[in-house]
Amino acid sequence: MTQTLTIPRPDDWHLHLRDGAMLQAVLPETARHFGRAIIMPNLVPPVVTGDQAAAYRDRILAALPEGMAFEPLMTLYLTEDTDPEDVAAAHASGLVKAVKLYPAGATTNSASGVRDFNKVRPVLEKMAEIGLPLCTHGEVTDHDIDIFDREAVFIDRVLDPIRKATPGLRVVMEHITTKNAAEYVASQDKDLGATITTHHLIINRNHILVGGIKPHYYCLPVAKREEHRLALRAAATSGDKRYFLGTDSAPHTDPNKESACGCAGCFTATNTMSLLAHVFEEEGALDKLAGFASEHGPAFYRLPVNGESLTLTKGDAPVQFPEKIESGDGPVTVFDPGFPVYWNAGG
């Protein structure tokens, strides 16, 4: 029996599009379903000024296939040399919707990130003054901290002190992966939101390691224990407006994933909405999907909900997703949830 669910057109509040041939290949996978996306600035070199953000936005729009509607929401990469006035001007122009904090060395193309947080205090104070959100990759990079503990330590050592020292700073904890992070968000009364990815609702660390290493499940922050996955599912499906979708869809070519030092990232743009419908149905929370995917993010970013809609249809046969997306740089493997999915997002 066919089942349908119609929601406002969703947005992706954490997306990697890369550049050049890869951008050309993966952009349609997002634009098919999503109206807008917060675009990550960790290119090589990174997007650190308003002029660079404007040029990157132009390249994204030039790569958009004819007939598709999509709005890239640009961000700036926070460095210790970031100019507060350039940030303010880029925000005032309407171009830049957030600034991204990468602790130096935390993930792909993060070498230009922050080591001394005191050096970025003037930028954070300016952002608090003008209401510009800070998006955080929430992991410390200390070699003595276990990789599975780095998110929880970041909250205690970096995030909470920054927020206490900068009243009014609006923060998005991106791609949270732990019960600790979900509970921290729930304990705060304002100016804090969190994105949750599709893949962290589906996989735990066993999926990466049991029965041999699965490079296409390797991501940063790395998937954690099952108790953390269940906490994320509870948060995402709760209806709490502080949690919203940020896929962190991160394309890498197969050779770069399947190597002696494989890149971190799961490419989920193609099938995220189908997978989310599956997860929310499992949790008995299909009525909460519109909030998580379409409404909570715009509310935090002070933007209107998209006027268009997306209809998902559940049929009797599993949806056949493409195994790979071909790009001029090489093939990109689409995230495989490991189970049949019956919800089709169309497009």
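Since the model is a prediction, treat every value here as computed from it, not as a measurement.

Asker: What is the right way to look at the overall build of the chain in this model?
Answerer: In terms of helices and strands, the chain carries eleven helices and 13 strands. Scaling as 2.2 N^0.38, a compact globule of 347 residues should have a C-alpha radius of gyration of about 20 Å, and the chain matches this with 19 Å. Principal-axis analysis of the C-alpha atoms places the extent of the chain at approximately 55 × 45 × 40 Å. Intrachain contacts of the chain at a sequence separation of at least 6 include 74% that bridge at least 24 residues. Per element, the accessible surface of the chain, about 13800 Å² overall, is 50% carbon and sulfur. Taken as two groups, the 32 positive and 45 negative side-chain charges of the chain have centres that lie 3 Å from each other.

Asker: Any chance you could explain the pattern of salt bridges here in plain terms?
Answerer: Opposite charge on two side chains permits pairing when their charged atoms draw close. Applying the stated criterion across every chain yields a total of 16 salt bridges. The salt bridge involving Lys126 is made with Glu129; its shortest N-O contact spans 3.6 Å. Note that Lys126 and Glu129 are positioned in helix H4 (residues 121–130) at a spacing of three residues, about one turn of the helix. On the accessibility criterion, Lys126 (17% relative accessible area) is buried. A salt bridge links Glu226 to Arg229; its shortest N-O distance comes to 2.8 Å. Residue Glu226 and its partner Arg229 are both found in helix H8 (residues 226–236); the two are separated by three residues, about one turn of the helix. Overall, Glu226 belongs to the partly exposed group, its relative accessible area being 31%. Linked through salt bridges whose partners overlap, the residues forming this network are Glu85, Lys126 and Glu129.

Asker: What is the right way to read empty space enclosed by the protein from this model?
Answerer: Where empty space is left becomes clear once a probe the size of a water molecule has been rolled over the atoms. Inspection of the entire model under this criterion finds three cavities of 30 Å³ or more. Taken together, 15 residues make up the lining of the largest cavity; nearest its centre are His16, Thr107, Leu220, Asp248 and Ala250. The residue inventory of the lining of the largest cavity, partitioned by class, reads four nonpolar, eight polar and three charged. Here the second largest cavity defines a volume of roughly 60 Å³. What lines the second largest cavity is simply His216, Ala250, Pro251, His252, Lys257, Gly265, Cys266, Phe267, Val332, Thr333, Val334 and Phe335. By residue class, the composition of the lining of the second largest cavity is seven nonpolar, four polar and one charged.

Asker: Whenever I open this one, the sheet that holds strand S6 (residues 134–137) confuses me. Can you help?
Answerer: To summarise the sheet geometry, strands pair through backbone hydrogen bonds and adopt either a parallel or an antiparallel arrangement. Taken in spatial order, the eight strands of this open sheet run S2-S3-S4-S5-S6-S7-S8-S9, and their pairing is parallel. Whereas interior strands pair on both sides, the edge strands pair on one side only; in this sheet they are strand S2 (12–15) and strand S9 (243–245). Mean inter-strand twist for the sheet, computed between neighbouring axes without regard to direction, equals 30°. Here strand S3 (residues 36–39) runs beside strand S4 (residues 71–77); their pairing, made up of three bridges, is parallel. When the sheet's bridge partners are listed, Ile38 is paired in S4 with Leu73. Contacts between helix H5 (residues 150–165) and the sheet are confined to strand S5 (96–101), S6, strand S7 (171–174) and strand S8 (192–196), with S7 contributing the most and set at about 165° to the helix.

Asker: Is there a simple way to think about the nonpolar core in this case?
Answerer: A general feature of soluble globular proteins is that nonpolar side chains tend to end up buried together. Ranked by internal contacts, the top residues of the largest apolar core, which has 94 residues, are Met173 and Met273. Ignoring sequence-local partners within four residues, the contact set of Met173 consists of Thr136, Ile155, Leu159, Ala181, Tyr184, Val185, Leu192, Gly193, Ala194 and Thr195. Judged by nonpolar contacts, the second largest core, of twelve residues, contains Ala98, Cys135, Phe244 and Phe300.

Asker: Just to check I follow, could you spell out the packing of aromatic side chains for this structure?
Answerer: The geometry of an aromatic ring pair is captured by two quantities: the separation of the ring centres and the angle between the planes. The tally for this structure, following the rule as stated, stands at six aromatic pairs. On the numbers, 5.5 Å between centres and 40° between planes, the contact of Phe280 with Phe292 is tilted. On the criterion of sequence distance, the pair formed by Phe280 in helix H10 (residues 272–282) and Phe292 in helix H11 (residues 289–301) is long-range, its members being twelve residues apart. There is no split in this pair, since Phe280 and Phe292 are both buried. Three or more aromatic residues link up through ring pairs in this structure, and these residues are Trp13, Phe244, Phe300 and Tyr301. Above the plane of the ring of Phe300 lies Arg170, whose end atom (NZ or CZ) is 4.5 Å from the centre.

About the criteria used
- Residues numbered from 1 in each chain as written.
- Predicted model: local features only at pLDDT ≥ 70, side-chain atom pairs only at ≥ 80, totals over all residues.
- Heavy atoms only, no water.
- Helix = DSSP H or I, 4+ residues; strand = E, 2+ residues; numbered from the N terminus.
- Rg over C-alpha atoms; globule rule 2.2 N^0.38 Å.
- Contact = heavy atoms within 4.5 Å.
- Areas by Shrake-Rupley, 256 points an atom, 1.4 Å probe, with all protein chains shown as cover.
- Lys, Arg positive; Asp, Glu negative; His and termini not counted.
- Charge placed at Lys NZ, Arg CZ, Asp CG, Glu CD.
- Salt bridge = Lys/Arg side-chain N within 4 Å of Asp/Glu carboxyl O.
- Buried < 20%, exposed > 50% of the residue type's maximum accessible area, 1.4 Å probe, protein only.
- 1 Å grid on protein atoms, 1.4 Å probe; cavity = no way out; pocket = protein on both sides within 12 Å on 5 of 7 lines; lining within 4 Å.
- Points joined across faces, edges and corners; volume = space filled by probe spheres on them.
- Nonpolar A, V, L, I, M, F, W, Y, C, P; charged D, E, K, R; others polar.
- Pairing = 2+ DSSP bridges.
- Axes fitted to C-alpha atoms, helices over the stretch in contact; angles between N-to-C directions.
- Core = buried A, V, L, I, M, F, W, Y, C linked by side-chain atoms within 4.5 Å.
- Phe/Tyr/Trp six-rings, centres within 6.5 Å; stacked < 30°, edge-to-face > 60°.
- Lys NZ or Arg CZ within 6 Å of the ring centre and 35° of its normal.

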